[in-house]
Amino acid sequence: MHAKTMEGLAGASMNMKMMNTPFRVYQEAERRGDTSVMERAMGYVGETADKAEDYQKKIEKGMKEEAKEAREKAKSEQENAVRKRKEERGEQEKRIAESRNGNTDTVSISENGKAILGDRSDLAQAQAGTVSNMPVETADAVKTEPVIYTKTGEAAKSESGTNISVSA
């Protein structure tokens, strides 16, 4: 809460409480019929009411300043959020550009694979990108036994008499 607002609230509250005393004097003087005391008491009531009104104006001024500061703070927070989003977007674009540039995987065919494919004409077409729905039959070219690997990464020897069945 703004300091002017606090000062205004405290001042207005105090003046409203102080107004009770001259008003009580006014009521007693009215019962007695003493008009001069009544007039003096009402003068004091008017003065304290005017002071309370001045403090009310201070409250309004303090609240306006507080609202202005809140708007400025919200605006600066919004600008910071926009700036952060732009920075994040720039970083993301950099990461995307880096991933497109040089961090791609490459595939190379071993010498054995090249020897198996040999001088087949569909290999040349596959490299040129002109293969049109021609299946590549590399499984028939190399006939090997299925291999099962252990947890250590070594190839385990399979038993030839083992039958495996899977039921779904």
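Bear in mind that the values here come from a model prediction, so they are computed numbers and not experimental data. (Residues numbered from 1 in each chain as written. Predicted model: local features only at pLDDT ≥ 70, side-chain atom pairs only at ≥ 80, totals over all residues. Heavy atoms only, no water.)

Asker: Would you mind going over the overall build of the protein chain in detail, with residue names and values included?
Answerer: For the protein chain, the helix and strand inventory stands at five helices and two strands. When the helices and strands of the protein chain are placed in sequence order, the string is α-α-α-α-α-β-β. In the protein chain, which comprises 168 residues, the proportion classed as buried is 12%. Surface exposure of the protein chain reaches about 14,700 Å², of which carbon and sulfur atoms provide 51%. (Helix = DSSP H or I, 4+ residues; strand = E, 2+ residues; numbered from the N terminus. Buried < 20%, exposed > 50% of the residue type's maximum accessible area, 1.4 Å probe, protein only. Areas by Shrake-Rupley, 256 points an atom, 1.4 Å probe, with all protein chains shown as cover.)

Asker: Describe in detail a nonpolar patch on the surface, supporting the description with residues and values.
Answerer: Together, Met1, Met6 and Leu9 make up an exposed nonpolar region whose accessible area comes to about 330 Å². With respect to the helices and strands, methionine 1 occurs in the segment before helix 1 (3-32). Relative accessible area serves as the criterion here: at 67%, methionine 1 is assigned to the exposed category. (Patch = residues over 30% accessible without salt bridge, like charges linked within 9 Å, V, L, I, M, F, W, Y side chains within 5 Å. Salt bridge = Lys/Arg side-chain N within 4 Å of Asp/Glu carboxyl O.)

Asker: Just give me the short version of a negative patch on the surface, but keep the residues and values in it.
Answerer: Residues Glu47, Asp50, Glu53 and Asp54 make up a contiguous surface patch of negative charge. Within the fold, glutamate 53 resides in helix 2 (residues 35-101). Glutamate 53 sits in the partly exposed class, given a relative accessible area of 46%. (Lys, Arg positive; Asp, Glu negative; His and termini not counted. Charge placed at Lys NZ, Arg CZ, Asp CG, Glu CD.)

Asker: Help me get a handle on the pattern of salt bridges, residues and values and all.
Answerer: Tallied over the entire structure, the rule returns four salt bridges. Ionic pairing is found between glutamate 111 and lysine 114, a salt bridge with its closest N-O pair at 4.0 Å. Of this pair, glutamate 111 and lysine 114 are both found in helix 3 (residues 111-117), three residues apart, which corresponds to roughly one turn of the helix. Overall, the relative accessible area of 44% leaves lysine 114 in the partly exposed class.

Asker: Account for the nonpolar core, naming residues and giving values.
Answerer: Counting five residues, the largest nonpolar core consists of Tyr26, Ala29, Val37, Met38 and Ala41. Counting residues per element, this core draws most heavily on helix 2, at three residues. If we ignore the near neighbours within four places in the chain, the residues touching methionine 38 are Tyr26, Ala29 and Glu30. (Core = buried A, V, L, I, M, F, W, Y, C linked by side-chain atoms within 4.5 Å. Contact = heavy atoms within 4.5 Å.)

Asker: Which residues make up helix 1, and what values do they have?
Answerer: Here helix 1 spans 45 Å end to end across 30 residues, near enough to the 44 Å set by a 1.5 Å rise per residue. Along helix 1, the residues that are buried comprise Thr5, Gly8, Gly11, Ala12, Asn15, Met19, Pro22, Tyr26 and Ala29. In this fold, the buried residues of helix 1 make contact with helix 2. One or two steps after helix 1, the chain reaches glycine 33, where phi turns positive at roughly 90 degrees. (Expected span 1.5 Å × (residues − 1).)

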